[in-house]
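Below, each chain spelled out in residue letters.
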Amino acid sequence: MTKTLILCDCSDTQTIDIKALDTVGGVGCSRIHTGLCMHQTAEAAKHIESENTIIACLQERELFQELAEELQVPPPDFLDIRDRAGWSDEGEKAGPKMAALLSDALLEKPVEKTVDVTSEGLCLIIGPSEIALNAAKQLSTILSVTTLLTDTPEGPFDRDYDVIMGSLKSASGTMGNFDIRIDAFQELDTTGRGTMSFSEPKDGAISQCDIILDLTGSTPLFPAPEKRDGYFRPDPKDPNLVAASIFEASHMIGTFEKPLYLTYDPHICAHSRAQQTGCSNCLDICPTSAITPDGDNVLIDPMACAGCGACSALCPSGAITYDAPPVSFLFRRIQNLTKAYAKAGGTSPQLLVHDAEFGGEMISLTARFGRGLPADVIPLEVDSLTGFGHAEMLAALGSGFTNVHVLISPKTETDVVTGQAEIVNAIAGAPQITLIDVTDPDALSEMLYTTDVYAPVENPILPIGGRRDVARLAAKALQPDMDAPIALPENAPYGAVIVDNDACTLCLSCASLCPSGALGDNPDMPQLRFQETACLQCGLCETVCPENAITLQPQMNLDDSAFNQEVLHEEEPFACIECGALFGVKSTIDRIVAQLEGKHSMFAASDSGKLIKMCDNCRINAQYHSTNNPFQGGERPKVRTSDDYPKVRKDH
């Protein structure tokens, strides 16, 4: 069913290019209104009542949703073209960008995977009595509160909540399922006359709660405390922050939907093999410690995961992928933006990647009070900036964007985004990825209006497939004539393996443990083979090599030869002295013979040394027919029959 886009120029403060918007299929445009939220609300109500509408205004979303509720119809969809396109020094040229934004809004977003989290309102407040008891008094009317005091209080105490004393030894879990352990635990003794006292201290008290309000002001109980659901840690010296946390905690009761941010495929994880560690990117970067080692793989706690996406951006194999929404949907959005922009007559678009909270506010402020965004800068709102890694950046450049700007928010793990941008700029050969780390809307506009704009790729790609596939495809589009490997930073997940042939003994430990199959052997020849496109640069081969003969070389080889298996090292095989079958490596067998024959007690005899030069079958055969061989036993006992038993009885 065709949707209708309800347009408003906001009191004639923006130019709306209906001709450009009409290039987007599946939607029709209304006439241009001037004040849908003011003197034309009756017309807005008629449009909403007809259903299947998109209102091109985000500022007054609540007003239009209330109208829909009064009319008892589903709420309309919303699209912001005013702040992101219309309100700009180049607003008259923003038609193609409006078309791109409309086309993006029409894409059907995949259903988000969630899990229900239930909080019964069991709240633990930790802190000194002066501040903790006051917080407990405010929350006790809504939540079931227990206050763990860190000092000795003076009674009497309000019995609307529980009061205990002790030292919080450990805490784990997340909202709805916190596990806590308290040492020197003392509970309030409410019996007797006079001042209430506490019981004798005991160690090892264990309990659970749904919410934790930490007012100690000391070391947080969890890494990245601001990302831990159900854990509030305001500065106890700031009454406004404390009040805000109390208010927020009071609403944490009921059933909530927790997004499942990640998918994990353990079969292609390059973390470890045979207890030898390879890649640990996800473990090192996870701010909430939601990822832990689990043998050769890793274990992801979906309840502790905050969805920053850094692990997905850094995972070299694609074992961890962001799934809220899936990466494939993000690739589709990127391609859809460039296609719609070009169809509406736009050329050489730039991409501005931002989050909803900080980035959306910055764009709105520069639109209302500053120059707004340039007409060729298309904003792309994503759920996770750190999850927008090098593959996504390359997909944008390969799809036709000239530049990609990432607007850093205060909560962004900047090191991750910086490292990913360095990889892309190395592949592109120019600084086509820029990180904008400003908090002034005017500074944002100034950077975007004065940036150096590069030429788009001549042959845009279709970003379909895994992140590694899309990255390589985009790299070839950016560097179509590159005939030499592109050097990359050390953190890049692409590259070659360099083998010191003088040190390598072809033990093939590296090949047997390579998680991606980039390194392999030849069953017919003593060879070490390598396929560069499969190499993850995880470092496992470098770790397990007993001769320290392997080093990694981060690079991207765009030539088709990178798909082939090249021989890194080979040697002459050794022929069995008995049957002539080829086995082992000649240099290795010669070295073993030189070290053991006639020198080791097992090979002291003249014939014993020959065993080293035999294949497995001939060696066993020779040992079996030798004197005092390990397979030789005593004479087999005579088989007993029934005739033997009467004789035994007669003898006894």
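Residues numbered from 1 in each chain as written. Predicted model: local features only at pLDDT ≥ 70, side-chain atom pairs only at ≥ 80, totals over all residues. Heavy atoms only, no water.

Draft legend 1. Representation of the sheet that holds strand β22 (residues 377–381) within the structure. One open sheet holds the four strands; their spatial order is β22-β21-β23-β24, and the pairing between them is parallel. One side of each edge strand has no neighbouring strand; the edge strands of this open sheet are β22 and β24 (433–436). Strand-to-strand twist across the sheet, computed as the mean angle between neighbouring axes with direction ignored, equals 25°. Together, β21 (350–354), β22 and β23 (403–407) form the strand contacts of helix α11 (residues 358–369), whose direction differs from that of β21 by roughly 125°. Most of the contacts of helix α12 (residues 390–399) go to β23, to which it runs at about 140°, and overall it touches β21, β23 and β24. (Pairing = 2+ DSSP bridges. Helix = DSSP H or I, 4+ residues; strand = E, 2+ residues; numbered from the N terminus. Axes fitted to C-alpha atoms, helices over the stretch in contact; angles between N-to-C directions. Contact = heavy atoms within 4.5 Å.)

Draft legend 2. Geometry of the environment of A310. Structurally, A310 can be placed in helix α9 (residues 310–314). Sequence-wise, A310 and C286 are 24 residues apart; in three dimensions their C-alpha atoms are separated by 7.1 Å. Setting aside residues up to four positions removed in sequence, A310 forms contacts with I285, T386, G387 and V416.

Draft legend 3. Highlighting helix α14 (residues 441–450). Those residues of α14 lying buried are P441, L444, S445, L448 and Y449. Viewed end-on, α14 has its buried residues packed into an arc of 120°, placing them on one side of the element. Buried residues belonging to α14 abut β21, α11, β22, β23 and β24. In this structure D440 caps α14, since a side-chain oxygen of it lies 3.1 Å from the backbone nitrogen of D442. (Buried < 20%, exposed > 50% of the residue type's maximum accessible area, 1.4 Å probe, protein only. Arc of directions from axis to C-beta. Polar contact = N/O pair within 3.5 Å; in protein donor to acceptor, adjacent residues only side chain to side chain.)

Draft legend 4. Representation of the packing of aromatic side chains. Counted under the stated rule, the structure contains three aromatic pairs. On the basis of an interplanar angle of 40° and a centroid distance of 5.6 Å, the ring pair of F178 and F222 is categorised as tilted. Residue F178 is located in strand β9 (residues 177–189), and its partner F222 is located in the loop between β12 (211–214) and β13 (231–232); the two are separated by 44 residues in the primary sequence. Of the residues examined, F178 reaches a relative accessible area of 0% and is grouped as buried. (Phe/Tyr/Trp six-rings, centres within 6.5 Å; stacked < 30°, edge-to-face > 60°.)

Draft legend 5. Region of the structure containing the packing of helix α10 (residues 327–343) against α12. It is at 9 Å that the axes of α10 and α12 come closest, and there the two elements cross at 25°. Looking at the two axes, α10 sits roughly parallel to α12. Viewed along their axes, α10 and α12 form a crossing whose handedness is right-handed. The residues of α12 that touch α10, namely those facing V327, L330, F331, I334, Q335 and T338, are A391, E392, A395, A396 and S399. For the contact of α10 with α12, the per-class residue count stands at seven nonpolar, three polar and one charged. (Parallel < 35°, antiparallel > 145°, perpendicular 65-115°, else oblique. Left-handed = near helix turned anticlockwise from the far one by under 90°. Nonpolar A, V, L, I, M, F, W, Y, C, P; charged D, E, K, R; others polar.)

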